[in-house]
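Below, each chain spelled out in residue letters.
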Amino acid sequence: MTEKTLRAKHSRKALSKRAIELLCRSEKLKIAGKHDEAVKTLEKIIIDDPQCVEAISEIANNFLSLGESEKAKKCADYILTIDENNSEANHVVGFLSLYDENWETAIKYLDIANDHDPNNPEILRCLGWGLFHKGEKNRGLAILERALHIDPDSPTVLCDLGVCYLEDKKVNKARILLEKAITIEPENERIGECLDIIDKIGRELG
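A brief look at the structure comes next. (Residues numbered from 1 in each chain as written. Predicted model: local features only at pLDDT ≥ 70, side-chain atom pairs only at ≥ 80, totals over all residues. Heavy atoms only, no water.)

1. Digging into the pattern of salt bridges
Part 1 of the argument: The full count for this structure, using the stated rule, is 15 salt bridges.
Part 2 of the argument: The partner of Arg18 in a salt bridge is Asp48, with the nearest N and O atoms 3.0 Å apart. One end of the pair, Arg18, is in helix H2 (residues 17-31); the other, Asp48, is in helix H3 (residues 35-48), and 30 residues separate them in sequence.
Part 3 of the argument: Under the relative-accessibility criterion, Arg18 is labelled partly exposed at 42%.
Part 4 of the argument: The exposure class assigned to Asp48 is exposed, which follows from its relative accessible area of 55%.
Part 5 of the argument: A salt bridge links Arg175 to Glu179, with the shortest nitrogen-to-oxygen separation between them at 3.7 Å. Of this pair, Arg175 and Glu179 both sit in helix H11 (residues 171-184), four residues apart, roughly one helical turn.
Part 6 of the argument: Exposure remark for Arg175: the relative accessible area of 25% places this residue in the partly exposed category.
Part 7 of the argument: Put simply, Asp111, Lys134, Glu136 and Arg139 are held in one network by salt bridges that share partners. (Salt bridge = Lys/Arg side-chain N within 4 Å of Asp/Glu carboxyl O. Helix = DSSP H or I, 4+ residues; strand = E, 2+ residues; numbered from the N terminus. Buried < 20%, exposed > 50% of the residue type's maximum accessible area, 1.4 Å probe, protein only.)

2. As for the nonpolar core
Part 1 of the argument: One finds Ile45, Leu98, Leu161 and Leu178 to be the most contacted residues of the largest nonpolar core, which totals 57 residues.
Part 2 of the argument: It is helix H10 (residues 155-167) that provides the largest number of residues to this core, a total of eight residues.
Part 3 of the argument: When residues no more than four places from it in sequence are discounted, the contact partners of Leu178 are Cys159, Gly162, Ile191, Cys194, Leu195 and Ile198. (Core = buried A, V, L, I, M, F, W, Y, C linked by side-chain atoms within 4.5 Å. Contact = heavy atoms within 4.5 Å.)

3. Observations concerning the packing of H2 against H3
Part 1 of the argument: Relative orientation of the contacting elements H2 and H3 amounts to 165°, with a least axis distance of 8 Å. If you check the angle between H2 and H3, you find them roughly antiparallel. Of the two elements, H2 crosses H3, and the hand of that crossing is left-handed. Within the contact between the two elements, H2 uses Arg18, Ala19, Leu22, Leu23, Arg25, Ser26, Leu29 and Lys30 and H3 uses His35, Glu37, Ala38, Thr41, Leu42, Lys44, Ile45 and Asp48.
Part 2 of the argument: Residue composition of the contact of H2 with H3, grouped by class: seven nonpolar, three polar and six charged. (Axes fitted to C-alpha atoms, helices over the stretch in contact; angles between N-to-C directions. Parallel < 35°, antiparallel > 145°, perpendicular 65-115°, else oblique. Left-handed = near helix turned anticlockwise from the far one by under 90°. Nonpolar A, V, L, I, M, F, W, Y, C, P; charged D, E, K, R; others polar.)

4. Digging into unusual backbone geometry
Glycine aside, the phi torsion of most residues is negative, and most peptide linkages are trans.
Part 1 of the argument: We note that Glu101 has phi near 55°; this positive angle belongs to a residue other than glycine.
Part 2 of the argument: Residue position: Glu101 is located in the loop between helix H6 (87-99) and helix H7 (103-116).
Part 3 of the argument: Residue Lys169 is not a glycine yet carries a positive backbone phi of 65°.
Part 4 of the argument: Following the sequence through the fold, Lys169 ends up in the loop between H10 and H11.
Part 5 of the argument: For Lys169, a relative accessible area of 72% translates into the label exposed.

What follows is the structure in structure tokens.
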């Protein structure tokens, strides 16, 4: 997250130099997997500016990584009271709705997120997954393929698209995607389980 990016994303007012430095520091901590430290760093910004959307969004993302879904949603809901079109907050709410299989709610928020950040592969991944499981299979697969085109080495996109093709009984397509995903994340249990299912299908078909 560069200084130029941060300033471009902040529509309410210019970020202070201190806020930019703390956001950059928190980004490094997040990438390193130090999510608790990242949250503490971001909270320093909130003390000075309780409505700093960038800081609250990053706190929500770190809470997601920590498995603190309720805290992440509270952050996102608060952001939406400030900016109902905020792509990151809509993405968080949509993402969490997928876990409850509340497809319509998820798609509602993810559509807004996609409208305001149209080339974000993570938003597209979630939107495609939700649409597929809501019953709009062709659109869901097309959006997942678009996410993969943007981020071809994402094991999460590869896996989700592979799972959807597997559920759609397109086993060969699923295998190609999942085999690529496992080379990127060989310890990923979900990918391994899906490949086991494909191998079992292959044995049953002879």
